[in-house]
Amino acid sequence: LDAATRSVKDLRPTEEKLMAIAVSKVMLKLADITKFSYDDTQEVKAILDELKKSGKGERLPFLDSENRPVYLLHKSAINNALVDNALAPDGLTFQQLFEKAPDLKVLAMGSFATLEQDATLENARAEMNRIANCQDVFITENGTKNSPVVGWITNGIIEENSKL
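Procedures and definitions
- Within any chain, residue numbers begin from 1 and follow the written order of that chain's sequence.
- A pLDDT threshold of at least 70 governs which residues receive local features in this predicted model, and a stricter bar of 80 or more applies before side-chain atom pairs are shown or counted, although totals over entire chains, interfaces and linings include all residues.
- Side-chain metrics rest on all non-hydrogen atoms present in the structure, leaving aside hydrogens and water.
- We count a stretch as a helix when DSSP gives it H or I for four or more residues in a row; a strand needs E for two or more, and each element gets its number in order from the N terminus.
- Only protein chains enter the accessibility calculation, which uses a 1.4 Å probe. A residue is then buried if its area is under 20% of the maximum for its type, exposed if over 50%, and partly exposed in between.
- By definition, residues are in contact when any of their heavy atoms lie within 4.5 Å.
- Every case where a carboxyl oxygen of Asp or Glu lies within 4 Å of a side-chain nitrogen of Lys or Arg is listed as a salt bridge.
- One requirement defines pairing of two strands: DSSP has to find at least two bridges between them.
- Buried Ala, Val, Leu, Ile, Met, Phe, Trp, Tyr and Cys residues that are joined via side-chain atoms within 4.5 Å together make up what is termed a nonpolar core.
- In the analysis that follows, any N or O atom pair within 3.5 Å is treated as a polar contact, provided that within protein one partner can donate a hydrogen and the other can accept it, and provided that, for residues neighboring in sequence, both atoms belong to side chains.

Engineer: In this structure, what is going on with the environment of Leu-30? I would like to understand it.
Structural biologist: Topologically, Leu-30 is positioned in the loop between strand E1 (28-29) and strand E2 (36-37). We classify Leu-30 as buried; its relative accessible area is 19%. Sequence-wise, Leu-30 and Asn-67 are 37 residues apart; in three dimensions their C-alpha atoms are separated by 8.9 Å. Apart from the residues lying within four places of it in its own chain, the contact partners of Leu-30 are Lys-35, Leu-63, Asn-67, Val-149, Val-150 and Gly-151.

Right under this line is the structure:
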């Protein structure tokens, strides 16, 4: 019981620190995000090549024509789906990949959260903890998926800012 109590008390300074940091101060701004416009006919290999060329990580945020979030995929999830389904990425479209690996589409649509611009990093952390497999939060104009993205918070940003 004492160990559990100490553990909970140890979390409070981190929570307090994250509550004091506005997402707008540390988020990746829309202009700095390597984002992808979503189209079912896009070839998986072309998108992976574009991600590699950008040199900006392993995450693929897909936004619609109005910059609203559609999907968030990690390169590793795509690679796993390709391997699990014995698929070659050459010529394969995302629509075909999602048909062969429907769990990947579910993951792409549901593994991110959205928050409003006045949220804190603690709010972002809480949302990530609430949603299974969530490591990303899009900051949108009104906090919903139906609103344009203005920024992006990753689990790495939260981890970096939670250090005491």
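Engineer: Please clarify how the pattern of salt bridges should be interpreted in this entry.
Structural biologist: Two side chains carrying opposite charge are able to pair once their charged atoms lie near each other. Going through the model one piece at a time under the given rule, you end up with eight salt bridges. Among the salt bridges present, the one from Asp-64 reaches Arg-68, with a minimum N-O distance of 2.7 Å. With relative accessibility at 26%, the residue Arg-68 sits in the partly exposed group. Residue Glu-160 is joined to Lys-163 by a salt bridge in which the shortest nitrogen-to-oxygen separation is 3.3 Å. For Lys-163, a relative accessible area of 51% corresponds to the exposed category.

Engineer: What's the story with unusual backbone geometry in this structure? I'm lost.
Structural biologist: Excluding glycine, a negative phi dihedral is what most residues carry, and trans is how most peptide bonds are arranged. Although it is not a glycine, Ala-86 adopts a positive phi angle of roughly 50 degrees. Here Ala-86 lies in the loop between helix H4 (75-84) and helix H5 (94-100). Given a relative accessible area of 71%, Ala-86 falls into the exposed group. Phi is positive for Asn-133, which is not a glycine, with a value near 60 degrees. Checked against the element boundaries, Asn-133 lands in the loop between helix H7 (121-130) and strand E6 (136-140). Taking the relative accessible area as the measure of exposure, Asn-133 reaches 61% and is therefore exposed.

Engineer: How should I be thinking about the sheet that holds E6 in this particular structure?
Structural biologist: The strands that make up a sheet pair up through hydrogen bonds in the backbone, lying either parallel or antiparallel. Pairing in this open sheet of four strands is mixed, and the strands run E1-E7-E6-E5 from one edge to the other. For this open sheet the edge positions go to E1 and strand E5 (112-115), each flanked by a neighbour on one side alone. Summarising the sheet, E1 and strand E7 (residues 149-154) pair through two bridges and their orientation is antiparallel. By the bridge assignment, Lys-29 is partnered in E7 with Gly-151.

Engineer: Got a minute to help me understand the nonpolar core in this structure?
Structural biologist: Soluble globular proteins: nonpolar side chains tend toward being buried together. Ranked by internal contacts, the top residues of the largest apolar core, which has 21 residues, are Phe-62, Leu-73, Ile-78, Phe-94 and Leu-97. Breaking this core down by element, the ones donating at least two residues are helix H3 (44-54), strand E3 (59-63), strand E4 (69-74), H4, H5 and helix H6 (102-110). If near-sequence neighbours (up to four positions away) are discounted, Leu-97 is found in contact with Val-44, Ile-78, Ala-81, Leu-82, Leu-87, Leu-92 and Leu-104.

Engineer: Sorry, what's going on with the environment of Thr-41 here?
Structural biologist: As for its placement among the helices and strands, Thr-41 is situated in the loop between E2 and H3. By relative accessible area, which is 53% here, Thr-41 ends up exposed. Separated by 50 residues in sequence, Thr-41 and Gly-91 have C-alpha atoms that sit 10.0 Å apart. A distance of 2.9 Å separates polar atoms of two side chains, one belonging to Thr-41 and the other to Asp-39.

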